[in-house]
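Analysis of the macromolecular model
As a plain string of letters, each chain reads:
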Amino acid sequence: MKTKLSRYWWNNLFFLTVVGLIAEGIMLWFIVYTSFDPETITFMGIMMPVVLVIFCVTVLTPWRFLLTMKEDDEFYHAYLFGKEICRVSKDRMIYYAIVEFEEHLGFEQRYIAISNFPFVLKEKSNAFIPLKSNRFIDYYDKSKQILYRYDATVAATFPIDKWVCVGKQASVKD
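Residues numbered from 1 in each chain as written. Predicted model: local features only at pLDDT ≥ 70, side-chain atom pairs only at ≥ 80, totals over all residues. Heavy atoms only, no water.

**With respect to the pattern of salt bridges**
For the record, the criterion: Salt bridges are counted wherever a side-chain nitrogen of Lys or Arg sits within 4 Å of a carboxyl oxygen of Asp or Glu. Relative accessibility decides the category of a residue: with a 1.4 Å probe and only protein chains considered, values under 20% of the type maximum give buried, values over 50% give exposed, and everything between is partly exposed.
This structure, assessed with the given rule, holds three salt bridges. Among the ionic pairs, Glu84 bridges to Arg87, the shortest N-O distance being 2.9 Å. Assessed through its relative accessible area of 44%, Arg87 is described here as partly exposed.

**A look at the nonpolar core**
If you look at soluble globular proteins, the nonpolar side chains tend to sit buried side by side. Here is the rule: Only buried residues count toward a nonpolar core. Its members are Ala, Val, Leu, Ile, Met, Phe, Trp, Tyr and Cys residues joined through side-chain atoms within 4.5 Å. Strands are runs of DSSP state E lasting at least 2 residues, helices are runs of H or I lasting at least 4, and numbering of each runs from the N terminus. We call two residues in contact when some of their heavy atoms are within 4.5 Å.
Core analysis: the biggest nonpolar cluster contains 36 residues, and Tyr76, Ile112, Ile114, Ile146, Leu147, Phe158 and Trp163 have the highest contact counts within it. If you list the elements that add at least two residues to this core, you get α1 (7–33), β2 (67–71), β3 (75–80), β4 (83–89), β5 (95–104), β6 (107–115), α3 (136–139) and β7 (145–149). Every residue in contact with Ile114, bar those within four places of it in the chain, is listed here: Tyr76, Val88, Ile94, Tyr95, Tyr96, Lys144, Gln145, Ile146, Tyr148, Phe158 and Trp163. Formed by five residues, the second largest nonpolar core is a distinct cluster that contains Met27, Ile31, Met44 and Val51.

**Section: a nonpolar patch on the surface**
Let me state the cut-off plainly: To count toward a patch, a residue needs a relative accessible area over 30% and no salt bridge; like charges are then connected within 9 Å, while nonpolar side chains (Val, Leu, Ile, Met, Phe, Trp, Tyr) are connected within 5 Å. Note on areas: these come from Shrake-Rupley sampling with a 1.4 Å probe, and a residue is covered only by the protein chains present in the view.
On the surface, a nonpolar cluster with roughly 540 Å² of combined accessible area is contributed by Leu28, Trp29, Phe30, Val32 and Tyr33. Looking at the secondary structure, you find Tyr33 in helix α1. Under the relative-accessibility criterion, Tyr33 is labelled exposed at 61%.

**Section: the confidence of the model for the chain**
Our working definition: A residue's pLDDT is the predictor's confidence in that residue, given on a scale from 0 to 100.
Summary statistics for the chain give a mean pLDDT of 78 and a share of 83% for residues scoring 70 or more. Confidence scores differ between elements of the chain, with α3 showing the lowest mean pLDDT of 74 and β4 the highest of 91. Of the regions scoring below 50 in pLDDT, residues 169–174 engages in 14 contacts with residues more than four places distant in sequence or in other chains.

**Some points on the sheet that holds β3**
For clarity, the cut-off: Following DSSP output, two strands are said to pair if at least two bridges run between them. To define axes, lines are fitted to C-alpha atoms, for helices over the stretch in contact only, and angles between the resulting N-to-C directions are given on a 0 to 180 degree scale.
The strand order across the open sheet formed by four strands is β1-β2-β3-β4, and the pairing between neighbours is antiparallel. Either end of the sheet is taken by a strand with one partner, and the two such strands are β1 (2–4) and β4. On average, adjacent strands in this sheet sit at an angle of 20 degrees to one another, irrespective of strand direction. Across six bridges, the pairing between β3 and β4 is antiparallel. Bridge pairing in β4 links Phe75 to Ser89.

**With respect to a negative patch on the surface**
Convention followed: His residues and chain termini do not enter the charge count, which takes Lys and Arg as positive and Asp and Glu as negative. By convention, the point assigned to a charge is CZ for Arg, NZ for Lys, CD for Glu and CG for Asp.
A surface patch of like charges, here negative, comprises Asp72, Asp73, Glu74 and Asp91. Within the secondary structure, Asp72 is located in the loop between β2 and β3. Given a relative accessible area of 33%, Asp72 falls into the partly exposed group.

**Overview of the pairing of β2**
Here β1 pairs with β2 via three bridges, running antiparallel. Residue Thr3 lies in a different strand from β2, and its bridge partner there is Met69. Of the strand pairs in this sheet, β2 and β3 are connected by five bridges, and their pairing is antiparallel. In the sheet register, Glu71 faces β3, and the bridge partner there is Tyr76.

Here's what the structure looks like:
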């Protein structure tokens with residue numbers, strides 16, 4: 001089973017990459033085909049790297065949501081852009097917690113965190129504007145824990161009745 005942590009942020013990554021490439025292409029076209037005015041070429045020469053940096057920062061800011069998880073017979077794996085960042089063994093004790101936090105623009109999503117090591121959940125802040133660092137995805141140990149979107153498919157395939165719950169357990173929303 002191969003799954004993405006957030007389809008929303010992966011779609012944004014692809015969309016913003018295309019928009020960035022189009023913007024860079026338009027600026028390059030403008031330099032080559034409109035005029036050879038040195039001021040225009042200098043301005044566009046400065047703007048192209050600035051636009052590139054802005055798009056890269058915008059696209060990669062939610063990198064925590066750009067994980068891909070794979071499962072085989074022995075392990076659960078988490079990858080970030082093809083590089084394995086965590087592996088949880090199915091043969092050892094697995095600890096889990098079901099957490100819910102904001103994925104984007106007020107949209108809360110339920111996730112399950114799994115690990116071969118016990119871990120602690122922070123209490124949610126009741127502040128009017130909660131800090132992003134209070135979300136589980138912002139502070140969990142990515143080298144020891146794997147985060148999955150907790151939906152009906154994951155709930156059906158994960159044998160959580162054999163695992164140790166370290167946080168409050170919630171039911172799956174259909």
